[in-house]
Amino acid sequence: MGGSDSEGERSVHKEKEKEKKKLQALAPIAKPLAGKKLSKRTLKLVRKAAEHKCLKRGVKEVVKSIRRGNKGVCVIAGNITPIDVITHVPILCEEADIPYVYVSSKEDLANAGATKRPTCCVLVLTKPAKGELGEEEGQKLKAEYDQVASEVSELTANMF
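Summary of the structure given here. Just so we're clear, the structure is a prediction, and the values are computed from it rather than from any experiment.

Observations regarding the side chain of Asn79
And step 1. As for its position among the elements, Asn79 is in the loop between strand E2 (72-77) and helix H4 (89-95).
And step 2. Asn79 sits in the buried class, given a relative accessible area of 13%.
And step 3. Discounting residues that sit within four places of it in the chain, Asn79 has contacts with Ala25, Leu26, Ser104, Ser105, Lys106 and Glu107.

Let's talk about the pattern of salt bridges
And step 1. One pass over the full model with this rule turns up 3 salt bridges.
And step 2. Two residues, Lys48 and Glu144, come together in a salt bridge whose shortest N-O distance is 2.9 Å. Residue Lys48 is found in helix H2 (residues 36-51), and its partner Glu144 is found in helix H6 (residues 135-159); the two are separated by 96 residues along the sequence.
And step 3. Taking relative accessible area as the criterion, Lys48 reaches 27% and is therefore assigned partly exposed.
And step 4. Among the salt bridges present, the one from Lys142 reaches Asp146, with a minimum N-O distance of 3.4 Å. Separated by 4 residues within a single helix, Lys142 and Asp146 lie in helix H6, roughly one turn from each other.
And step 5. Looking at Lys142, the relative accessible area reads 39%, which means it is partly exposed.

Brief notes about helix H3 (residues 59-67)
And step 1. Within H3 the residues assigned to the buried category are Val59, Val62, Val63, Ser65 and Ile66. Projected onto a plane normal to the axis of H3, the buried residues spread over an arc of 165 degrees and lie on a single side. Away from its buried face by more than 90 degrees, H3 exposes Lys60 and Arg67.
And step 2. Of the surrounding secondary structure, the elements contacted by the buried residues of H3 are strand E1 (55-57), E2, H4 and strand E4 (121-125).
And step 3. With its phi angle positive at about 95 degrees, Gly69 sits one or two positions after the end of H3.

Looking at the pairing of E2
And step 1. Across the 6 residues that make up E2, a large majority, 6, are buried.
And step 2. Alignment of E2 against E4, held across 5 bridges, turns out to be antiparallel. Looking at the pairing, Gly72 lines up with Leu125 of E4.
And step 3. For the handedness criterion, the β-α-β arrangement of E2, H4 and strand E3 (residues 100-103) is classed as right-handed.

With respect to the environment of Lys56
And step 1. Locating Lys56 in the fold gives a position in strand E1.
And step 2. Considered as a pair, Lys56 and Val46 are 10 residues apart in the sequence and their alpha carbons are 10.0 Å apart.
And step 3. Dropping the residues within four chain positions of it, Lys56 is found in contact with Glu61, Val62, Ser65, Cys121, Val122, Leu123, Leu125 and Ala129.

A few points about the packing of aromatic side chains
And step 1. A full pass over the atoms with the stated rule returns 1 aromatic pair.
And step 2. Between Tyr100 and Tyr102 the ring centres are 6.3 Å apart and the planes differ by 80 degrees, which places this aromatic pair in the edge-to-face class.
And step 3. Judged by its relative accessible area of 6%, Tyr100 is buried.

Rules and cut-offs
Residues numbered from 1 in each chain as written. Predicted model: local features only at pLDDT ≥ 70, side-chain atom pairs only at ≥ 80, totals over all residues. Heavy atoms only, no water. Helix = DSSP H or I, 4+ residues; strand = E, 2+ residues; numbered from the N terminus. Buried < 20%, exposed > 50% of the residue type's maximum accessible area, 1.4 Å probe, protein only. Contact = heavy atoms within 4.5 Å. Salt bridge = Lys/Arg side-chain N within 4 Å of Asp/Glu carboxyl O. Arc of directions from axis to C-beta. Pairing = 2+ DSSP bridges. Right-handed = clockwise from strand over helix to strand, strands pointing away. Phe/Tyr/Trp six-rings, centres within 6.5 Å; stacked < 30°, edge-to-face > 60°.

As structure tokens, this is what we get:
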């Protein structure tokens, strides 16, 4: 019985170590960084957007989409090396009035975006590129999107 208790403590300790490593790998420009709660909510939104095909993955696709005038929420991984790969994305987002937020790891972002490869950034669109969503699904996604967008905007406003 005593062994299971120490195993539980060990797993908690390992989780804390993983979190520390994630935070140490963060780039210095990773601001505004989502907290635990917002990060979880943002990744949930990315997961839903991936299911409904309302997601642009990768720097190239995201930049192309922003330049074409598509609106959404940009989610950027904070542990990208070299950092030069993503330094222009926040500037593009600010110019286009698109809220953006950093999450701690590219692996978590990829898992949420339904890809096996780690992803630098994703753009969650309000509607799919092709076709239409069902009314109920569209409203659920829109409500979740609005909630995350407002929280990200709030976080950004508090930063400056």
